[in-house]
Structures are given as C-alpha cells and as structure tokens.
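Below are the chains, spelled out letter by letter.
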Amino acid sequence: MKFARGFSLIEVMLAILTVGVMLLMLQAVIHSGALLKTSKNKGIALSIVRNELESLRAGGYANLPVSGTFANSLIDSLPSATTTLVVSAHNAKTKLVTVSVIWQDPNTAASSTVSLSTLITETGGLP
Amino acid sequence: MKRAFTLIESLIVVAISVSVMITIALLIYSFNKTSGYGQMFAQSSGSASAILREVESLAFPADAVLATHTFAGATYTSTSTSLVLEIPSINGSGNVIANIYDYAVFYVVGTTTAYRLLEAHPFSHRTSGTKQLSSTVNALTFSYNDADFTKVSTVTVDIQTQALVREDIVSDHRREQIRLRNY
C-alpha cells in the first residue's frame, strides 16, 4: 500500500463523541459543586430567618422593633450577606413582619434571597 | 514484505499515547476528587439541616423539656449535649390525646454520630424508634432559657458538622432557637 489510509468518518465521530461525553461528565460534576454550595447557603439563610422570626414571635407584639436590619452570629458565613426586617401594619391589632437574608453566591450574577413572613397579633401568640 | 515502522513514527505514537493517557488520568483524578468532595459536602450540610428539621419537628409540639427520662431501661438526661422532650401524643388526625405523652431524646454517641430516639405511647400515631441523623457532627449544643428544666420554654440548638475529604475540611454551622409551642 503506497499511501496510509486516513481515518474514516465513523472513527472520527466516535472519538469526538467519547471525548465529548467525558468532558460533559466532568463539567456536570464541577457544576454540582456550585449547586451544593448554593443549597448549603440557602440552608444557612433559612435557619437565620427562622431563628429571627422565632425570637420576634417570642418577644411579642409590644416589643416588635422598627423596620431595619437584624443581627445574627452566622451571617458572616454567607458571602456578602445583608439582612432586612420589615414591620408593617396588617390591621389595627396585627403587624406583618417580613424577615429576609440577601447574599451573593460566588460566580453568579444575581443575588439570592430567603424571605419569610409572619403575622404577629396584639393578643395571643406564643406562651 | 510489509514495511516496518520508522523510529520517528514509533516516537510519535509513543508521545501521543502518553499524552492521551495523562489526560485521561487527570480527568479521572479530578472527577474522583470533585465527586468525593461534593459527597462529603452534601453529607455535612445535609445532615446539619436534617438535625435541625428533626429537632424542630419534635420540639415545636413538645410541652416540656425533661431533666431526665427512662427510655426502655436506658436513662437520658437533658444537658448541653442532649435534649429530652415530652410531647403530647397525637392521634391519626393530628389531634392531641389528653394526658398521654411521647418522649424523645437527641444525643451524640462518640463524638460524631447524632441520634434521635423516640418512645411513643401505644395509642400515639408517632412511630417509636432510633434514627441516625448525622455521622459528621463536630459539636451539637443545646442551650435553655432557664436553668430549671420545668421552666424551659425555648431551646437553642447549635450544630457544627465537619467532614474530612483528603486534605480538605468541609464544615457547616447552624444555630436556631426553637420555642415549645405547647409549653
């Protein structure tokens, strides 16, 4: 045979397919890391807002603070996180409290938010 | 007669095979490393959430933190590392059955494994049993709003989980206060 024969189309396609599948799998594994971090941060944010709501409910209607921010010892474990607390009148004897944590996951353009609301009434409430 | 390979040809083949093998090995290595890390990461933060949800699900309906209670022979005491709860029993529709109680305890065995033991009254709709909540606990701390357990209405749960993946440490920290709704 004077000239070596080249690769057939099938061979080239199979090679590209194999390499492509491997790279895709690697990409998926790396991407799952980012998803895991996001879900962990969501869990932390959720426990921060639940803790705040619980302490506001326990404090009762008379001790509700004005709108603003609130403090939490775990807030520094979220990347560039801020907290907001909004207290508004729902009706004459009820206030609507909305507690949010906003943070910025690395490598994402938009910031993430976890927000919970509750109604706190003048009478009744937690023992 | 067939022509043999020249030196150059064999060298090129060897070089290509080596670089392909190195690429594949690197791919497999990073694949393993990333997935192992991901697994431990999910376990550490997932189990922190699991402990928190489980404590919530039993402490919200509880009416008291007990200083001590005997579960089928074994006695557990409420301390900074274990929590014993008395929970009014419920029927199939979720309504409280008067004067009968279920008992639950959260505790850590060794230094890393957290369990929940629930002892339900025979009439209760809850299911008795022991459940492993986490195997990556670093510190599980309960604090109470009163030194006298009969006056405790709020429990603060602080969970730190930690897992070692090769040379990396993955950890998580959660803290939440829970008010007994039936106190």
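This one's a predicted model, so the numbers in the text were calculated from it and none came from an experiment. (Residues numbered from 1 in each chain as written. Chains lettered and ligands numbered in written order. Predicted model: local features only at pLDDT ≥ 70, side-chain atom pairs only at ≥ 80, totals over all residues.)

(A) View of the overall build of chain A. Within chain A one finds one helix and three strands. For chain A, the succession of helices and strands along the chain, N to C, is α-β-β-β. Compactness check: chain A gives a C-alpha radius of gyration of 26 Å against a globular reference of 14 Å for 127 residues, more than 25% above the reference. Principal-axis analysis of the C-alpha atoms places the extent of chain A at approximately 100 × 25 × 25 Å. By residue count, 18% of the 127 residues in chain A fall in the buried class. Sequence separation of at least 24 residues holds for 50% of the intrachain contacts in chain A that already meet a minimum separation of 6. (Helix = DSSP H or I, 4+ residues; strand = E, 2+ residues; numbered from the N terminus. Rg over C-alpha atoms; globule rule 2.2 N^0.38 Å. Buried ≥ 20, exposed ≤ 12 C-beta atoms within 10 Å, placed from the backbone. Contact = placed C-beta atoms within 7 Å.)

(B) View of the sheet that holds strand β4 (residues 83–90) of chain B. All names here are of chain B. Sheet architecture is open: five strands sit in the order β1-β4-β5-β6-β7, paired in antiparallel fashion. Where the open sheet ends on each side, the last strands, each with one partner, are β1 (64–65) and β7 (129–134). Two strands pair when backbone bridges link them, and strand β6 (residues 113–119) and β7 are joined in this way by five bridges, in the antiparallel orientation. When the bridges of β7 are listed, Tyr115 appears paired with Gln132. (Pairing = 2+ DSSP bridges.)

(C) Examining the interface of chain A and chain B more closely. If you look at the interface, chain A gives 22 residues, while chain B gives 23 residues. Residue composition of the side of chain A that touches chain B, by class: eleven nonpolar, eight polar and three charged. (Nonpolar A, V, L, I, M, F, W, Y, C, P; charged D, E, K, R; others polar.)

(D) Region of interest: the confidence of the model for chain B. A residue-level look at chain B finds 99% of positions with pLDDT of 70 or above and a mean pLDDT of 91. Per the prediction output, this complex has pTM 0.81; the corresponding ipTM is 0.79. (pLDDT = per-residue confidence, 0-100.)

(E) Main features of the sheet that holds strand β1 (residues 82–91) of chain A. All names here are of chain A. Taken together, three strands build an open sheet; the order of strands is β1-β2-β3 and the sheet is antiparallel. Of all strands in the sheet, those bounded by a partner on one side alone are β1 and β3 (112–121). Across the sheet, the mean angle from the axis of one strand to that of its neighbour is 15°, orientation sign disregarded. (Axes fitted to C-alpha atoms, helices over the stretch in contact; angles between N-to-C directions.)

(F) Focus on the environment of Val155 of chain B. Residue and element names in this part refer to chain B. Of note, Val155 is situated in strand β9 (residues 154–165). For Val155, a count of 22 C-beta atoms within 10 Å translates into the label buried. For the pair formed by Val155 and Thr130, sequence separation is 25 residues and the distance between their alpha carbons is 21 Å. Beyond its immediate stretch of four places on either side in the chain, Val155 contacts Ala59, Val65, Leu83, Phe142, Tyr144 and Ile178.

(G) Representation of the pairing of β4 of chain B within the structure. Residues and elements named next belong to chain B. Of the strand pairs in this sheet, β1 and β4 are connected by two bridges, and their pairing is antiparallel. From the neighbouring strand, Ala64 faces β4, where its bridge partner is Glu86. Sheet topology note: the β4/strand β5 (residues 96–109) ladder contains seven bridges and is antiparallel. In the sheet register, Ile87 faces β5, and the bridge partner there is Asp102. Here β4 hands over to β5 after five residues, with Gly94 in that stretch at a positive phi of 85°.

(H) Fine view of the nonpolar core. In this structure, Val55, Ala59, Leu83, Leu85 and Val155 of chain B are the most contacted members of the largest nonpolar core, which totals 29 residues. Of all the secondary structure elements, the ones that give two or more residues to this core are α1 (7–59), β4, β5, β6, β8 (137–144) and β9 of chain B. If you tally residues by element for this core, the top one is α1 of chain B, at six residues. Judged by nonpolar contacts, the second largest core, of 13 residues, contains Ile48, Val101, Trp103 and Ile120 of chain A. (Core = buried A, V, L, I, M, F, W, Y, C linked by C-beta atoms within 7 Å.)

(I) Up close: the environment of Thr121 of chain A. Residues and elements named next belong to chain A. Mapping Thr121 onto the fold places it in strand β3. Looking at Thr121, the number of C-beta atoms within 10 Å reads 13, which means it is partly exposed. Along the chain, Thr121 and Ile16 lie 105 residues apart, while their C-alpha atoms are 65 Å from each other. In this view, Thr121 contacts Tyr61, Lys93 and Thr94; residues no more than four positions away in its chain are not counted.

(J) Fine view of unusual backbone geometry. Phi at Ser80 of chain A is positive, roughly 35°, even though this residue is not glycine. With respect to the helices and strands, Ser80 of chain A occurs in the loop between α1 (9–59) and β1. With 10 C-beta atoms packed within 10 Å, Ser80 of chain A lands in the exposed category. For Ala72 of chain B, which is not glycine, the phi dihedral falls at a positive 40°.

(K) Fine view of the packing of α1 of chain A against α1 of chain B. Two elements in contact, α1 of chain A and α1 of chain B, have axes whose closest approach is 10 Å; the angle formed by their N-to-C orientations is 20°. The orientation of α1 of chain A with respect to α1 of chain B, classified from their angle, is roughly parallel. Judged by the twist between their axes, the crossing of α1 of chain A over α1 of chain B is left-handed. Residues Met22, Met25, Leu26, Val29, Ile30, Ser32, Gly33, Leu36, Lys40, Gly43 and Ser47 of chain A of α1 of chain A touch α1 of chain B, and the partners they reach there are Leu27, Ser30, Phe31, Thr34, Ser35, Tyr37, Gly38, Phe41, Ala42, Ser45, Ser49 and Leu52 of chain B. (Parallel < 35°, antiparallel > 145°, perpendicular 65-115°, else oblique. Left-handed = near helix turned anticlockwise from the far one by under 90°.)

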